[in-house]
Amino acid sequence: MKKDRRDFLHMGAGFFAFNPVDFLARNLCSLSESFCDESEGVENYLLFHLAGAPPRWLFDSPLQPRKSDKRVANPMIVTTFSEKEFNSSRDVEFEYRSTQVGKYLMPHLWSLPTSSSVTYQGQLSKLLDHALIIRGTRMGVDGHSINGRRLVAPNPNGPSITGLLADRSKKDLPAVGMTGSQYPVHVTSLGAFRSQKANSLILISKKSPDYFQELFHSFLEGAKGSQAEEELVEAILSRRDILRPQTVKARSQVKGLLKKDLEKLKAQYKKRFAKYEKIILESKLRRDLKGLTDKAIPGFEKERLTHSDQDNASFFLLDDYFLGDRDLRDALLSMELQGLAQQMALTEFLVVNGLSQTITIDLANPTKLNLDSGYHLDDFDIKKKSFHHKTRQVKIKEGKPKTFTFDSHGSGLIAHHLFSGIFYYTFANCLIEMTETFKEAKDKGGKNLYQKTLIHLASEFGREPRPDLMGSEHGFNGQLNTFLSGAIRDFKIIGNIFDTNKGTPATYYDIGTWGEGAPLDFFKRPLVYGNIASSICAMLGIPSPTPKDPPLVKVAQGQIETLTEECENVIA
Amino acid sequence: MRRTLAAFLTLILLGLVGCQELPQKTPSISSVDAAKVLKNRCLDCHRDYQNFKDEDFIKRGLVVPGKPQSSFLYASLRNSDSGAEQTMPPKEAGDPLSPEEVLALKKWIEKIKVPEVKVVELETFSKGGDLLSEAEIFSRCYGQWLRSPLPRHHTLLKKIEEGKLSGVQACKVLLNKASLEKEAIVNSDEGRKLIQTFQSLHRSWFSELNLYNTDEQWGNFEIYDPGNLAAYFTYSLFHSKKDLASIFRGKTSYELIRKSDARREYFIFPYQETSAKPLKLKNFSFGSGEEKGEDVYPPWKIRPIPTGEIVGIRPAPKKRDILPTMVDTRKGQKEFHGQRVYHLNQDIRLGRGGGILGDPLFLLLNMKMEIGKASDGGKRIPRKWATSIFKDFMCRDLPVVPIPRAKKYIRKDSPLSFRQKASCVQCHMSMDGIAGLIRNFEVNYSVDSGLGRYIQTSHIRARKSTKTSATPILGDGDEKYSLEPARGLLAFQSRSGLYYEREVASLEELGDFIAESSDFYQCMSKRYLYFLTGINLDLDGKDLSSGHERVLWQFNQKLALRLQDHQSLRQLIEDIISSPLYRDRHYLQNMKNEKQREPAQYDEASY
Amino acid sequence: MRALRTVFTLMMLFFNHVLWSQTQVQTRYGDRLFVGELLLRVFGPDCKTIVEKEVFNKPHIFGGPCDPYSQRLVKVKEGYKTVGPREKCSESFFSQYRADLIVENSPLRSGAIAKVCQSLSQKKACLNHALKGIDKEKDSIEEIFRLFYPIGHERLLGEFKMAFEDVSRKKSIDHKFLLKLFCQSEEWQIL
């Protein structure tokens, strides 16, 4: 039937060269507010971009959601240290263990207790109370930059999702972005911001010492004169015919912001910042996290350099260096998650005070790890076949391994598991604190802020473990998206993955279950990022920049519901 | 569906029957012969033509003055040599027009002069409005074009105050200060500011300026300046002998001439913000591959882009930037060892035809294909290049054909999902079709820089093609596709309704097509209108717009018709600033479409 | 819901056709270069640091893309500095490289102008430069107005004069206040 109406319009509309119903339906919202699905959709969109694409097998990538799902093991895809004591580096072993969260099995990390500074005391799995994980999106091309930008701008010729939200927003600082990763802005999702109405992204640099100051300094110190003077200025400028109408409106908003006790807001921000700083500090120093930091992890001993048995030697690699000779947990003592406390604090502040509609946060990987003892790969005389020399040469000063990066091409299992494990633990704690805070904030209609906010955890792609276990490569056909929102009824996982990859394009063949996207019955093909983008837009009640890729969810009576079948591990 | 079709056909039949009973006038157009043809062969169905004068045909987009090939009325005639879809008169209505009749119409259109840019209604909008004085007009164009406030003692201002010049005339004199005809470098400060501002404007039209497409292409920023694409337009603006259409012809690219007090030492773009030290240019040997134990490739004496203030534009010198070698990397990531090396000695500034369409920079920015991967005509096609052409040069977003046209390209048995459904084919036939013209190109790396990975340069390489074509234009994916001779499908309906669906064999052919399309000129005039007045015209909303917008649309159409005729961006600017729109201080401010922000509701946050 | 929308669309198509066009009129504001240079002209070259920080380095508020190819890095004692003509970029090239040409008014722009005007009129050197040659004894409304509006705008001047008569009858008008007021009046930013 719909098709008939469209054809009729084609015949009648003369010079239209496109489908007018689509065009109108897409643009109705921007023409008149009454056509927006605003009451149905979620309002705020927070994107946490894990730039560099760390492997998420130990975090939110569910490779075996049910016991009956087929999972082909890979020595690099593990979720916990094994339970036995490690007396020497040779003893270090890993396992793949899961824990029950709702209907599904999730990696072991979710069974850990929340940090003691977090308001909610219990298990980390609390975060997944209202969550939707979509597995197996095929990005189709490799590249941090291309895929990072696609996360918000899936159609390079159109506006970005963040731009569309800013255009529709009535808030004062509609779109805010915070840098964090080592990538320059223009290759990240921050640089992909594009609006149709000359809105721009307010960018806060990770180098800024005080995010609140950076954002509001225009309105703070120096903006105000004496009371009498300000009043006189206002009295004159608000007279008819002196300023143009929209300027009057803009000034009244400035006045509104200035009227708000900025000192009080500043104090409020500082409280939040202190709260997150505490959570982060505590999380990274915990020595009782089962399977992660609850026992000493001996580093690669010097004596092993001369032996020929190198069973688990690859575990200790970090970019051409073997992490040596001490309890590797000590590396965490000096670890810094640059800017994370400010990012979480400012995000919470902006959402709770209704100042922003969309916030994009570029997360920094752990830095300042204490990694000063190591042995260079070249020192080895490796005869065993499974241990290959890498083909690339990285020139690093003797003895000091590079900082751990999310883009873990050269991270052996210990570096990856320990350092990103602690990062995920810390990050999850911060998210629980934030979401619980949102739940407390109720509006007049009885809805809480968490129900009006959509949190999206994404990276550019997944990762494929190398067969030589010396790191992982870009798994661009297995991208993962995790959504957290009070509007999601409970915990759901959708999206299919292959049990092992036997088809191209992929970097490796038959390396087990790592998350490569498999076809869905719903579409008769695997997911592409356009589907994810359309799903995000469906949840937010805005038109999708990729309307030809249908969404996987719909919003009904304020609740987000999935449209596709249950998740499945497809036999390749 | 059937019911609606039946109703429609009934209407047509009634129309056909009804037509013959009423008396018909001869249209009062400028050619008697053409009027006769219209009366005898067209009025039976197109009854409204009898009341039309020349300008009525122009207003409705049926005729482009001086250009029969671009005119809907002429191009849709069976027997005309237009290359567009020819359906008139319909087969049911009788024989096609005779060659003499076609010629009569052709001559009529050729002789029509472009209209004056006056739109009567625009005058009435400004009546009683707050008008700018001559000095204020000059102050306005000065501020807009130089982005600098007009000095109080400017010589031209004095002349205006003495009554010797009007504001518009002073603006014209100002524009002359950046002339590139005699010399590539502009010497006056005002002239340079003019070039810089319009360069900025032209650059904003390109949807893609980021040379970093996939991993390890940071070196590209040091040897390519994306602004050089905008230079095609800026050069045409300030060089009176460079027609606008020349942008789509030839193989010459353009470069900005920059001046600085000293040569730059470091890289322009940092590839990592955490680098404590910026990279020094002199340590960077592009394409020399001198690593210990590796093969040594011929060094590349590339001149990195100089930085500094823009002071001029010139055609890029030939044979100055020769790339000796490229590597055939089959894998996405760089693995040079054991890979085939191509010794090409390629001039990286030389275009591939079709002017800006084949500009190596435009190709590099828009191909968006993985390094070393060739097109296969199915999944892997440089689609972004095609969509950028429509968007950047014609202000058109896909789809550019109506959905019924897609039906003939649907193949339900295709393994590719986007060949199976009409709504997918609707876009893909235009995108994939045009992209067939650059099927032979791929992007490859030059050789390792010697400064470590991540910093390579990538370039366009053309593969040698065979003589024969066997794969279909809209195929399912075939390795042979990229080795076949370049050919593409142009599937495009202009805003005026002219439909084209034909094979094109070269970038030059595509360039000629764009240079003759009304969409291109309307796009240019719309953008200049925005820059000069802040009016953002919706070119698609012509039929659904209110009175004000329809008038603006007509104004833009006249600007575009004139632009197509005189081919001068400078004249376009003069047309706009001479209009009442430019003189009105609050030009159409009362239009309802100005969006205003409403203050947000603040709740005290206590948590 | 979608079906209902379509029907409604068809109805609206035939009746109220004002809504559907996307033609918009933006007030044609000058960009950061124009605004910055006018402020420099009024307040003098001593104020370059303030204007650079508050105006030139804010393309997302004032508009006006930068050109990263216009600048270069030089080594200085403390590290590295960017040197270049007025089109140079401050941090984060790409967001500025693709900044819009014209950015309309918004609370951020209003606030930014208010702030820079306040900062400039509070700095003594800048204030003195601006008020150089202006008779301190008289009200000088027109002279100070002309600093920002050298040509035309007679009607606006008239409105301001009326406003002063109404609002501040008794006091004589402080020149610094006038400077701040006209600086914030914003019409001079519109081209």
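Because the structure is predicted, anything quoted here is derived from the model rather than measured.

K.L.:
Please explain the interface of chain C and chain B as it appears in this structure.
P.N.:
Across the boundary between the two partners, chain C contributes 48 residues, which contact 75 residues of chain B. Together chain C and chain B conceal approximately 5400 Å² of surface at their shared face, both sides included; 54% is due to carbon and sulfur atoms. Taken together, chain C and chain B are joined by 4 salt bridges. A salt bridge links Asp67 of chain C to Arg258 of chain B; the nearest nitrogen and oxygen atoms lie 2.9 Å apart. Inspection of the region where chain C meets chain B yields 21 residue pairs in polar contact (both at pLDDT 80 or more). Contributing elements (two or more residues each) for the side of chain C that touches chain B: strand E1 (24–25), helix H2 (32–43), strand E2 (72–76) and helix H5 (93–97) of chain C. By residue number, the principal contributor to the side of chain C that touches chain B is H2 of chain C, which donates 5 residues. Note: strand E9 (residues 535–536) of chain B against E1 of chain C, 2 bridges, orientation antiparallel. Bridged to Ile535 of chain B within E1 of chain C is Val25 of chain C.

K.L.:
I tried to follow helix H10 (residues 189–203) of chain B on my own but got confused; where do I start?
P.N.:
Since the α-helix advances by 3.6 residues per turn, residues separated by three or four positions end up pointing in the same direction. Taking 1.5 Å per residue, 15 residues should reach 21 Å; H10 of chain B reaches 21 Å between its end C-alpha atoms and fits that length. Taking burial as the measure, the 15 residues of H10 of chain B include 14 buried ones, the bulk of the element.

K.L.:
How do you make sense of the environment of Gln71 of chain C when you look at a structure like this?
P.N.:
Residues and elements named next belong to chain C. The residue Gln71 is located in the loop between helix H4 (59–62) and E2 in this model. On the accessibility criterion, Gln71 (5% relative accessible area) is buried. Through-space distance from the C-alpha of Gln71 to that of Pro59 is 16 Å; in sequence the pair is 12 residues apart. Separated by 2.6 Å, the side chain of Gln71 and the backbone nitrogen of Cys89 make a polar contact.

K.L.:
How do you make sense of the packing of helix H2 (residues 32–41) of chain B against helix H5 (residues 99–111) of chain B when you look at a structure like this?
P.N.:
For any two helices packed against each other, the geometry comes down to the angle between their axes and how far apart the axes lie. Residue and element names in this part refer to chain B. Two numbers describe how H2 lies on H5: the axes approach to 8 Å, and their chain directions differ by 125 degrees. Classed by the angle they form, the pair H2 and H5 counts as oblique. Between H2 and H5 lies a crossing of left-handed hand. Contact residues: H2 offers Asp33, Ala34, Val37, Leu38 and Arg41, while H5 offers Glu101, Ala104, Leu105 and Trp108. When the residues that make up the contact of H2 with H5 are grouped by side-chain class, the tally is 6 nonpolar, no polar and 3 charged.

K.L.:
For this particular structure, what's the right way to read the environment of Ser195 of chain A?
P.N.:
Residue and element names in this part refer to chain A. Assignment of secondary structure puts Ser195 in the loop between strand E7 (175–178) and strand E8 (202–204). Separated by 30 residues in the primary sequence, Ser195 and Leu165 place their C-alpha atoms 8.5 Å from one another. What Ser195 contacts, discounting residues up to four positions off in sequence, is Gly163 and Asp167.

K.L.:
What am I meant to see in the nonpolar core here?
P.N.:
Within the largest apolar cluster, 152 residues are counted, with the highest numbers of intra-cluster contacts made by Phe48, Phe419 and Phe427 of chain A together with Leu39, Phe43, Phe148 and Phe182 of chain C. A per-element tally of this core places helix H10 (residues 413–440) of chain A first, with 16 residues. Among residues more than four places away in sequence, those in contact with Phe182 of chain C are Ile141, Ile144, Phe145, Phe148, Phe160, Phe164 and Trp188 of chain C. Ranked by size, the runner-up nonpolar core spans 144 residues in total, among them Leu146, Val443 and Tyr521 of chain B together with Tyr69 of chain C.

K.L.:
Would you mind showing me how to read the confidence of the model for chain C here?
P.N.:
Interpretation of the predicted coordinates at a detailed level should be avoided for regions scoring low in pLDDT. Residues and elements named next belong to chain C. Mean pLDDT over chain C: 82, with 83% of residues reaching 70 or higher. Confidence, read as mean pLDDT per element, is least for helix H1 (residues 2–14) in chain C (57) and greatest for H2 (96). Confidence drops under pLDDT 50 across residues 12–20; counting only partners more than four residues distant or on other chains, this segment forms 19 contacts.

K.L.:
Sorry if this is basic, but what is going on with the pairing of strand E6 (residues 131–138) of chain A here?
P.N.:
Consecutive side chains of a regular strand alternate in pointing toward one face of the sheet and then the other. All names here are of chain A. A large share of E6 lies buried, amounting to 8 of its 8 residues. Across 5 bridges, the pairing between E6 and strand E16 (residues 479–484) is antiparallel. Across the sheet, Thr137 pairs through a bridge with Gln479, a residue of E16. Relative to strand E17 (residues 491–494), E6 runs parallel, the two sharing 4 bridges. Residue pairing across strands places Ile134 opposite Ile494, the latter belonging to E17. Summarising the sheet, E6 and strand E19 (residues 527–528) pair through 2 bridges and their orientation is parallel.

K.L.:
Sorry if this is basic, but what is going on with H2 of chain C here?
P.N.:
Residue and element names in this part refer to chain C. Taking 1.5 Å as the rise per residue, H2 with 12 residues should run 16 Å; its terminal C-alpha atoms sit 16 Å apart, in good agreement. Counting buried residues in H2 gives 11 out of 12 residues, a clear majority hidden from the surface. For H2, the set of buried residues is Arg32, Leu33, Phe34, Val35, Gly36, Glu37, Leu38, Leu39, Leu40, Val42 and Phe43. Backbone geometry just downstream of H2 places Gly44 in the positive-phi region, at approximately 95 degrees.

About the thresholds
Residue positions are counted from 1 within each chain, in the order its sequence is given. Ligands are numbered from 1 and chains lettered from A, in the order in which they are written. Only residues with pLDDT of 70 or above have their local features reported here, since the model is predicted, and side-chain atom pairs are shown and tallied only from 80 upward, although totals for entire chains, interfaces and linings are computed over all residues. Each side-chain value is worked out from all heavy atoms of the structure, with water and hydrogens disregarded. Contact criterion: two residues are considered in contact whenever any of their non-hydrogen atoms come within 4.5 Å of each other. Once two parts are joined, some of their accessible surface, as seen by a 1.4 Å probe, is lost; buried area is that loss totalled over both. Just to be clear on terms, a salt bridge is a Lys or Arg side-chain nitrogen sitting within 4 Å of an Asp or Glu carboxyl oxygen. What qualifies as a polar contact is a pair of N or O atoms within 3.5 Å, subject to a donor-acceptor requirement within protein and to the restriction that residues adjacent in sequence count only when both atoms come from side chains. The helix count covers DSSP runs of H or I at least four residues long, the strand count covers runs of E at least two residues long, and both are numbered beginning at the N terminus. For two strands to count as paired, DSSP must find a minimum of two bridges between them. Multiplying one less than the number of residues by 1.5 Å gives the expected span of a helix. Accessibility here uses a 1.4 Å probe with only protein chains present; expressed as a share of the type maximum, an area under 20% marks a residue as buried, one over 50% as exposed, and anything in between as partly exposed. Only the stretch in contact is used when fitting a helix axis, every axis being a line fitted to C-alpha atoms; angles between N-to-C directions are given from 0 to 180 degrees. By the definition adopted for this analysis, an angle is roughly parallel if under 35 degrees, roughly antiparallel if over 145, roughly perpendicular if from 65 to 115, and oblique otherwise. Helix crossings are classified by the rotation of the near helix relative to the far one: an anticlockwise turn of less than a right angle makes the crossing left-handed, while a clockwise turn makes it right-handed. Only Asp, Glu, Lys and Arg are considered charged, only Ala, Val, Leu, Ile, Met, Phe, Trp, Tyr, Cys and Pro nonpolar, and every remaining residue, Gly among them, polar. We call a set of buried Ala, Val, Leu, Ile, Met, Phe, Trp, Tyr and Cys residues a nonpolar core when their side-chain atoms join them within 4.5 Å. Every residue is assigned a pLDDT by the predictor, reflecting its confidence on a scale from 0 to 100.

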